[in-house]
Amino acid sequence: MTTVDARSRRPLTDFSITPYAAQQGAPANVNWLAQTPDGFLWLCTSEGVVRFDGVSFERNLGNGLPGDSASAMFVDRSGDLWVGFNDGRIARRANGVFSEIDQGLPKAGRIIWSIVQDAGGNMWATSGYGLYYLDGSLWREVGHDVGANPGSVYGLAGLLDDGRLFVANNKKVWFQIRGTMSFEPGDSKEIWRSKLGFDYTQLPPGPAVDKLKTIIERPLGISLRAISRDATGALWALGDNVERFHWVGSPGGKQQLVVDELSYSADAYGLFSDREGNVWTASIDGIRRLRPNKFQSVFSKDTVPLAGLVRGVHEDIWIVPTQAGDVYDVTMEGSTKWDALGRGFASASSDVDGNIWFLKNDADPKNDDIRILKDGKFEHLPYPKGLNGRAVETILSDPAGGHLLVSTLGLYRYKDGAWLPDPVYVNLPRDPPRGARSDRFGRVWIMYADNRVAVIDKSGPTMFSSENGLSVGDPWSVYVGPTKTWVVGLSGIAYLDGNRFVSVSPVIRSNGEALKRILDAVETSDGDLWLNAGAGVAHISRSEIRRVMESPSQRPIADVLDEEDGLQGGLVPDNFTVSMIVDKSRRLWVVRAQGVSWIDLDHVPHNAVPPLVSFTRMDADDKHLATLPAMKLPALTRSVRIGFTAPSLSIPERVRFRVKLDGFDTAWQDAGAVRSSTYTNLGPGKYKFLVRASNEDGLWGEQDASLSFAIAPAYYQTWWFRAIAVLVALCALWRLLSLRIRQLQSRLHLQLTTRHAERERIARELHDTLMQGVHGLLLQVQSWSGDTSLAESRRDQMKRAEDQARSMLIEGRDRIIELRNSTSVDANLEHNLREICDESAAIYASTFVLTSEGVARTLRAESAGEVLNIGREAIRNAFAHSHASKISVHVRYGADGLHMLVSDDGCGIPADILKAGGRDGHWGIVGMRERAKRIGAYLEIRRGSQAGTEFVLKVPASVIYVAPARKVVRMIDVMRSKFRF
């Protein structure tokens with residue numbers, strides 16, 4: 001057997017290498033790289049300055065760049081970018097704008113080789129003409145204080161670990177004297193001790209040390225740019241290839257420097273380590289990114305094609321290929337290849353005693369058998385009669401004793417050194433099993449198509465199916481973890497709760513995509529669940545599992561690791577070999593189509609750098625605008641498109657965005673990986689566009705990026721135009737309303753005029769016929785009552801008839817007057833009351849006085865008529881029955897309503913009539929009360945304080961007065977008629 005040293009576990013091949021060339025939009029001839037605090041990677045190229053966000057290369061960066069061919073680049077401590085050019089000029093990018101700073105540099109111009117900032121904050125530049133420092137806005141030459149003459153060429157400048165500035169050309173080195181602007185000669189070994197982190201001259205010879213010395217001993221101008229140290233302390237160098245030097249432990253506890261090489265030619269000018277831990281090479285054809293994978297590869301498909309995993313008795317991991325590959329036993333110290341086992345196996349498994357059973361599936365069935373590893377030695381066991389390697393699937397410890405061989409022809413038991421003659425557990429389904437597993441309790445689980453699983457314990461088999469809640473499609477594996485028994489399959493996962501399974505499917509990724517084709521599951525000691533699925537290895541945290549169990553309608557969200565994380569290939573759907581195991585060191589081992597990998601669950605690499613969002617462009621109606629802090633867009637802007645990005649250089653394809661437009665959106669919108677948002681039909685107003693981003697590990701930025709803009713209103717969208725429009729609409733409505741009121745008034749006037757004419761006719765005919773006849777009858781009866789020739793008793797009868805006729809005449813006259821006055825459409829109450837008083841005074845001997853108080857108000861016609869009738873009845877009663885010498889009528893127009901008082905100085909109303917509310921057979925007072933009640937007025941009849949009777953009427957303002965709107969209408973009508981508009 002051959003032993004491989006454990007130091008090869010993490011070769012450079014565990015770095016994902018991504019080239020960016022012309023096909024990806026990258027520029028050529030990249031000679032320098034830098035990264036600004038916003039996360040952008042800046043490329044110094046012969047084409048000029050190019051910016052890269054991990055997805056796209058941006059070249060048009062403004063008009064402040066003085067040249068096309070850039071030669072040097074540096075980011076100072078304030079985050080400003082400095083760029084040197086081949087023509088000797090320098091530009092600085094501050095607050096997103098480039099500006100040229102080259103005053104004091106040679107007029108003729110020489111290439112700028114480097115730019116650096118010393119510990120005191122001073123800016124320095126080296127060129128083909130000399131050494132310069134920036135004094136305010138003026139570059140001053142100090143070359144004659146350093147070299148042999150002012151024309152010396154200084155290739156590079158940099159900082160030592162102690163903060164001192166060094167300047168070097170290909171032959172000599174100078175160091176800045178602390179606290180001064182002066183330099184003194186020095187030894188280049190001091191630079192290398194600072195750059196490497198150790199003294200390479202003290203290392204013993206060896207392959208790595210010799211190769212490192214070869215690179216260092218090149219001219220300083222080349223070698224200083226050929227080596228870079230990353231955040232882990234590893235050295236990256238540009239030798240014959242891209243090489244990585246790092247320290248590893250060796251037997252005895254000593255550290256040894258080793259080197260790994262990439263398989264492609266370096267062909268590179270420079271190296272750069274970004275803030276996320278990626279290493280970049282700059283070359284003639286573009287750039288390359290070297291990203292450390294989360295998974296570490298163990299064997300490729302060429303070594304162990306389509307393998308299965310078996311846990312050994314010493315917590316080692318056996319990797320058993322199911323095709324023509326070698327079997328390996330992997331421990332923390334290394335891996336051992338077992339040549340004696342041969343090649344080609346159906347599967348392998350371990351039993352409860354720690355023995356490993358290998359099921360041989362040779363090209364020649366004659367060589368098929370079972371090979372059992374016990375205590376480091378092999379035993380051979382033939383298959384049961386009639387079986388060969390093509391029919392067998394796996395062999396597991398039987399809960400009833402012995403071993404259980406699972407085959408396409410059924411289950412066979414090996415016990416006490418012999419195979420039982422017939423298949424066992426014949427009550428199980430007759431169709432071939434889809435998979436089989438043993439659990440930590442010694443039970444055997446066998447999976448069948450269509451949501452069927454059998455578990456075999458010492459009491460025999462128990463079946464579960466869809467009737468028991470199992471809903472994973474075709475089950476592929478069962479895993480009994482610390483807290484739950486999990487079943488995974490074609491379409492999801494489920495866990496056993498008592499005698500029923502509870503589905504937690506479908507499992508979804510953070511982008512909403514459902515996970516399918518789940519081959520294996522592992523529940524770790526901390527309660528997390530790991531799944532080997534078609535899309536990759538999915539991780540569901542314990543808190544996420546708890547959330548789903550508490551709310552079964554929720555879908556579990558998983559983080560998925562795939563080929564971008566170093567996973568080797570797609571899924572291998574072999575349900576009889578274990579494809580995922582956690583070892584005692586909490587390393588998760590995974591078999592995929594392209595090989596075997598592992599990841600340390602206690603140290604899963606995470607990108608701790610949240611992406612910062614930057615705005616790249618803004619288009620209004622397809623017209624490009626500059627992204628200013630507060631932009632004003634023209635009126636009637638129909639479409640707004642905002643471009644944004646978030647530089648995250650490790651796995652930019654997994655960067656996710658959420659957006660929200662304040663003033664339009666009510667909640668955050670998931671934009672996925674799309675780096676622009678378009679809004680249409682936005683109205684005028686102020687808006688604030690917010691963006692947040694997360695990196696490939698779901699880490700969201702701490703602060704949202706915002707871009708404010710405003711859309712100007714068109715003239716018809718302004719407040720004053722709307723106010724005018726509302727006013728015009730109100731005027732038009734008022735006009736229509738007034739026309740309608742006039743129509744109603746005309747119709748009412750016509751109706752009232754017709755009614756008035758009819759009542760006038762009736763009153764006239766009653767007066768000319770009935771009243772004249774009654775008057776003539778009265779004269780006749782009056783002559784009879786005075787005839788002395790008649791008996792006195794007869795004259796008394798005539799006298800009484802005379803009185804009745806007179807009363808009837810007066811009553812009829814009053815009714816004719818009432819009929820005439822009630823038809824009046826004139827709401828002048830005082831005028832109508834005075835006419836009533838004049839007519840009554842002509843009949844009776846009493847006098848009257850009518851007074852008013854307050855400003856006369858326009859009265860509602862229907863209410864005024866009722867008030868007039870009540871007043872008529874009160875006045876008639878006072879004249880006819882009070883025997884008063886004076887009758888007073890007083891009208892008061894008050895804010896609360898209309899008040900009317902009719903009083904006299906006569907005999908007063910009898911107490912019995914006042915108490916009874918009227919006289920039997922007479923309806924005058926009763927009618928007055930009914931009229932007052934009908935209009936909601938208050939009527940009181942009482943004896944006067946001195947003498948006589950008082951009629952008090954109070955009518956509310958809302959009932960008697962015309963509303964202000966009607967007054968306005970009438971006023972408009974008057975103005976219209978007067979001014980003719």
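This one's a predicted model, so the numbers in the text were calculated from it and none came from an experiment. (Residues numbered from 1 in each chain as written. Predicted model: local features only at pLDDT ≥ 70, side-chain atom pairs only at ≥ 80, totals over all residues. Heavy atoms only, no water.)

## A look at the overall build of the protein chain
The line we're drawing: Elements are defined by DSSP. Helices are runs of H or I of four residues or more, strands are runs of E of two residues or more, and each kind is numbered from the N terminus. What the globule rule says is 2.2 Å times the number of residues to the power 0.38, and the radius of gyration is computed from C-alpha atoms. Only protein chains enter the accessibility calculation, which uses a 1.4 Å probe. A residue is then buried if its area is under 20% of the maximum for its type, exposed if over 50%, and partly exposed in between. Only heavy atoms enter the contact rule, under which two residues are in contact if any of them lie within 4.5 Å. The Shrake-Rupley method, run with a 1.4 Å probe sphere, supplies the accessible areas, and residue values consider only the shown protein chains as cover.
Helices and strands together make up the secondary structure of the protein chain, namely twelve helices and 68 strands. Relative to the 2.2 N^0.38 estimate, which gives 30 Å for 981 residues, the radius of gyration of the protein chain is 55 Å and therefore markedly larger than a compact globule would have. With the C-alpha coordinates of the protein chain rotated into their principal frame, the extents come out at 175 × 100 × 45 Å. A total of 981 residues make up the protein chain; the buried ones form 48% of that total. Long-range pairs, those at least 24 residues apart, make up 53% of the contacts in the protein chain between residues at least 6 apart in sequence. Looking at the protein chain as shown, the accessible area adds up to about 47,800 Å², and 52% of this sits on carbon and sulfur atoms.

## Let's talk about the packing of helix 8 (residues 861–881) against helix 10 (residues 924–934)
Helix-helix packing is described using two parameters, namely the angle between the two axes and the distance between the axes. The following threshold applies: Only C-alpha atoms enter the line fits that serve as axes; for helices the fit covers just the stretch in contact. Angles between N-to-C directions range over 0 to 180 degrees. When describing relative orientation, an angle under 35 degrees is termed roughly parallel and one over 145 degrees roughly antiparallel, while 65 to 115 degrees is termed roughly perpendicular and anything else oblique. Should the near helix be turned counterclockwise from the far one by less than a right angle, the crossing is left-handed, whereas a clockwise turn marks it as right-handed. Polarity classes work like this: nonpolar for Ala, Val, Leu, Ile, Met, Phe, Trp, Tyr, Cys and Pro, charged for Asp, Glu, Lys and Arg, and polar for all others, with Gly in that last group.
Two numbers describe how helix 8 lies on helix 10: the axes approach to 9 Å, and their chain directions differ by 155°. What the angle tells us is that helix 8 and helix 10 run roughly antiparallel. The handedness of the crossing between helix 8 and helix 10 is left-handed. When helix 8 is examined against helix 10, the residues Glu866, Asn869, Ile870, Glu873, Ala874 and Asn877 are found in contact with a partner set consisting of Gly924, Ile925, Met928, Arg931, Ala932 and Arg934. A breakdown of the residues in the contact of helix 8 with helix 10 according to their chemical character gives five nonpolar, three polar and four charged.

## Quick word on the UniProt feature "transmembrane region" (unreviewed entry) in the protein chain
Selection rule: UniProt positions are given in the numbering used here, feature names are shortened, and annotations may be inferred rather than shown by experiment.
On the UniProt side, "transmembrane region" (unreviewed entry) is annotated at positions that read residues 719–737 here. Within the segment residues 719–737, helix and strand shares are 100% and 0% respectively, and the terminal C-alpha atoms sit 26 Å apart.

## Describing the pattern of salt bridges
Put simply, the rule reads: Take a side-chain nitrogen of Lys or Arg and a carboxyl oxygen of Asp or Glu: if they are within 4 Å of each other, that pair is a salt bridge.
Per the stated rule, a full pass over the model turns up 41 salt bridges. Residues Lys211 and Glu261 are paired through a salt bridge, measuring 3.1 Å at the closest nitrogen-oxygen approach. Residue Lys211 is located in helix 2 (residues 207–216), and its partner Glu261 is located in strand 22 (residues 255–265); the two are separated by 50 residues in the primary sequence. Classification of Lys211 as partly exposed rests on a relative accessible area of 23%. Using a relative accessible area of 36% as the deciding quantity, one classes Glu261 as partly exposed.

## A look at the nonpolar core
Threshold: We define the nonpolar core as a collection of buried residues of types Ala, Val, Leu, Ile, Met, Phe, Trp, Tyr and Cys that are connected through side-chain atoms lying within 4.5 Å of one another.
Counting residues in each nonpolar core, the largest one holds 62 residues, and the members touching the most others are Val49, Met73, Trp139, Leu196, Leu212, Ile227 and Trp236. In terms of nonpolar packing, the next biggest core, distinct from the first, is built from 37 residues, Ile836, Ala878, Ile887 and Ile960 among them.

## Observations concerning helix 2
Helical periodicity: at 3.6 residues per turn, an α-helix aligns residues three or four positions apart in one direction. Let me state the cut-off plainly: What the arc measures is the spread of directions leading from the helix axis to the C-beta atoms.
Among all positions in helix 2, only Ala208, Val209, Leu212, Ile215 and Ile216 are buried. With its buried residues spanning 125° around the axis, helix 2 presents them on a single face. Every exposed residue of helix 2 that faces more than 90 degrees away from the buried side is listed here: Pro207 and Thr214.

## Concerning the sheet that holds strand 8 (residues 81–85)
The following threshold applies: Strand pairing is defined by DSSP finding a minimum of two bridges between the two strands.
Pairing within the open sheet is antiparallel, and its four strands lie in the order 7-8-9-10. Here the strands that pair on one side only, and so sit at the sheet edges, are strand 7 (70–75) and strand 10 (97–100). The average angle at which neighbouring strand axes cross in this sheet is 20°, direction not considered. By the bridge criterion, four bridges tie strand 8 to strand 9 (residues 90–94) in an arrangement that is antiparallel. Across the sheet, residue Trp82 finds its bridge partner in strand 9, namely Arg92.

## What to know about the sheet that holds strand 11 (residues 112–117)
Spatial ordering of the open sheet is given by 11-12-13-14, a layout of four strands whose pairing is antiparallel. Lying at the two open borders of the sheet, with one neighbouring strand each, are strand 11 and strand 14 (138–141). Averaged over all pairs of adjacent strands, the angle between their axes in this sheet comes to 25°, without regard to strand direction. Pairing geometry for strand 13 (residues 131–135) and strand 14, over four bridges, is antiparallel. Bridge pairing in strand 14 links Tyr132 to Glu141.

## Thoughts on the packing of aromatic side chains
To keep it simple, the criterion reads: Centre distance within 6.5 Å is the pairing criterion for rings of Phe, Tyr and Trp, where only the six-membered ring of Trp is used; planes under 30 degrees apart are then read as stacked, over 60 as edge-to-face, and the remainder as tilted. Counted as over-ring charges are cases with an Arg CZ or a Lys NZ within 6 Å of the ring centre that also lie within 35 degrees of the ring normal.
Taken as a whole and judged by the stated rule, the model has 30 aromatic pairs. Both rings, one in Trp124 and one in Phe183, keep their centres 5.3 Å apart while their planes meet at 85°; by these two values the pair is edge-to-face. In this pair, Trp124 sits in strand 12 (residues 123–127) while Phe183 sits in strand 18 (residues 183–186), placing the two residues 59 residues apart along the sequence. Judged by its relative accessible area of 0%, Trp124 is buried. Ring pairing ties together the aromatic residues Phe615, Phe644, Phe657, Phe664, Tyr679 and Phe689, which thus form one cluster. The positively charged end of Arg587 is found above the aromatic ring belonging to Trp598, 4.9 Å away from the centroid.

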